[in-house]
Amino acid sequence: MSRPTARSYAFLSIAAAIITIALKFGAYLLTGSVGLLSDAIESIVNLLAALVALWALTYAEKPADAEHAFGHSKAEYFSSGAEGALIIVAAISIAVEAWGHLLHPEPLTQLGLGLALSLFATAINGVVAFILLRAGRRLRSITLKADAHHLFTDVVTSGGVVVGILLVKLTGTLVLDPIVALIVAANITWTGFRLLRETSSALLDAALPKKEIDAIKSILNEYKREDIQFHALRTRTAGTRRFVSFHVLVPGSWTVQQGHDLCEAIELAILRVLPSTHVTTHLEPVEDPVSWEDLELERSSNQQMQDIGTSK
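Residues numbered from 1 in each chain as written. Predicted model: local features only at pLDDT ≥ 70, side-chain atom pairs only at ≥ 80, totals over all residues. Heavy atoms only, no water.

Caption draft 1: Summary view of the pattern of salt bridges. For the coordinates displayed, the defined rule picks out 3 salt bridges. Two residues, Asp214 and Lys210, come together in a salt bridge whose shortest N-O distance is 2.8 Å. With Asp214 and Lys210 both in helix 7 (residues 210-223), this residue pair falls 4 residues apart, about one helical turn. Look at Lys210 and you get exposed, because its relative accessible area is 62%. (Salt bridge = Lys/Arg side-chain N within 4 Å of Asp/Glu carboxyl O. Helix = DSSP H or I, 4+ residues; strand = E, 2+ residues; numbered from the N terminus. Buried < 20%, exposed > 50% of the residue type's maximum accessible area, 1.4 Å probe, protein only.)

What follows is the structure in structure tokens.
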């Protein structure tokens with residue numbers, strides 16, 4: 001049997017969001033708790049985020065074409081960015097509603113059944129978040145990981161809401177309910193900004209994690225010797241795909257076939273350790289001083305012409 005794709009997990013997230021919306025709004029209607037209302041509003045955000053995630057994952061799976069030669073995997077960042085923005089919008093809505101109840105507290109009703117519904121919805125979110133996080137790490141999907149972290153945040157905030165309502169029941173202090181809702185709003189605002197920061201970093205072509213870069217360097221060190229050197233190692237991520245490039249310096253007396261065979265062996269070694277990686281190598285003669293002057297990302301055209309003239 002084929003393993004589930006990222007898209008199949010997005011459908012799971014959508015189903016869970018629909019169920020928890022019904023449960024949490026039911027809990028709010030029974031109790032009148034603004035804390036439970038804030039929890040229900042966040043579940044609407046979960047549904048919208050899951051729908052955006054489904055679109056992004058579907059688009060990201062499209063193969064490369066003439067217009068998008070490096071594929072469509074960066075579409076996943078639209079999902080994580082949209083989720084971060086939606087979370088912040090939800091936080092503002094919660095804060096506005098909570099402030100009104102803070103100024104004019106209202107009694108809570110049918111707390112037992114309302115809390116039972118809320119806890120059941122929280123349990124569903126917890127299980128789905130665990131599944132999504134494992135899948136996101138296995139499939140290297142920022143969309144699934146963002147959705148999982150959001151759901152885990154939802155679980156924590158739901159727990160806070162339940163504690164707040166229990167305190168209201170025990171103490172009779174009605175303002176505790178909107179105070180908890182305001183704390184929920186502040187907490188999910190932080191989650192939203194964190195997602196936006198992670199998305200921005202990825203869109204700016206952030207390097208691979210240090211552990212993966214160290215794995216690449218370890219492979220290169222296996223091939224390195226006096227007459228074979230490497231430099232200008234650059235990495236970036238685009239959704240589930242990694243991009244790695246570096247220069248391979250070999251003796252100028254080597255044939256093209258020898259250089260090609262070495263590059264192929266190194267590229268395959270990296271792919272075995274880091275699947276879904278696009279590796280680009282640039283072959284240079286190790287004796288030529290010009291080969292050691294291209295460490296930067298860009299060189300001016302004048303400098304390149306001078307280097308070519310000198311090498312001749």
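Caption draft 2: Here's a closer look at the pairing of strand 2 (residues 241-250). With 8 of 10 residues buried, strand 2 is to be regarded as a mostly interior element. Bridge count for strand 1 (residues 229-238) against strand 2 is 8 bridges, and the pairing is antiparallel. Pairing of Thr237 across the sheet is with Arg242, part of strand 2. The pairing of strand 2 with strand 3 (residues 277-285) spans 9 bridges and is parallel. Opposite Val244, over in strand 3, you have Val279 as the bridge partner. Note on the crossover from strand 2 through helix 8 (residues 256-273) to strand 3: the handedness is right-handed. (Pairing = 2+ DSSP bridges. Right-handed = clockwise from strand over helix to strand, strands pointing away.)

Caption draft 3: Seen up close, the packing of aromatic side chains. Within this structure, the stated rule accounts for 2 aromatic pairs. Ring centres 5.7 Å apart and planes at 15° place the aromatic pair Trp55 and Tyr59 in the stacked group. With Trp55 and Tyr59 both in helix 2 (residues 34-60) and 4 residues apart, the pair spans about one turn of that helix. Taking the relative accessible area as the measure of exposure, Trp55 reaches 46% and is therefore partly exposed. You can call Tyr59 partly exposed: its relative accessible area is 29%. On the numbers, 6.1 Å between centres and 75° between planes, the contact of Phe230 with Phe246 is edge-to-face. Taken as a pair, Phe230 in strand 1 and Phe246 in strand 2 lie far apart in primary sequence, 16 residues in all. Residue Phe230 is classed as buried on the basis of its relative accessible area, which comes to 12%. Given the relative accessible area of 1%, Phe246 is considered buried. One Lys or Arg, Arg236, reaches over the ring of Phe243 and ends 4.1 Å from the middle of that ring. (Phe/Tyr/Trp six-rings, centres within 6.5 Å; stacked < 30°, edge-to-face > 60°. Lys NZ or Arg CZ within 6 Å of the ring centre and 35° of its normal.)

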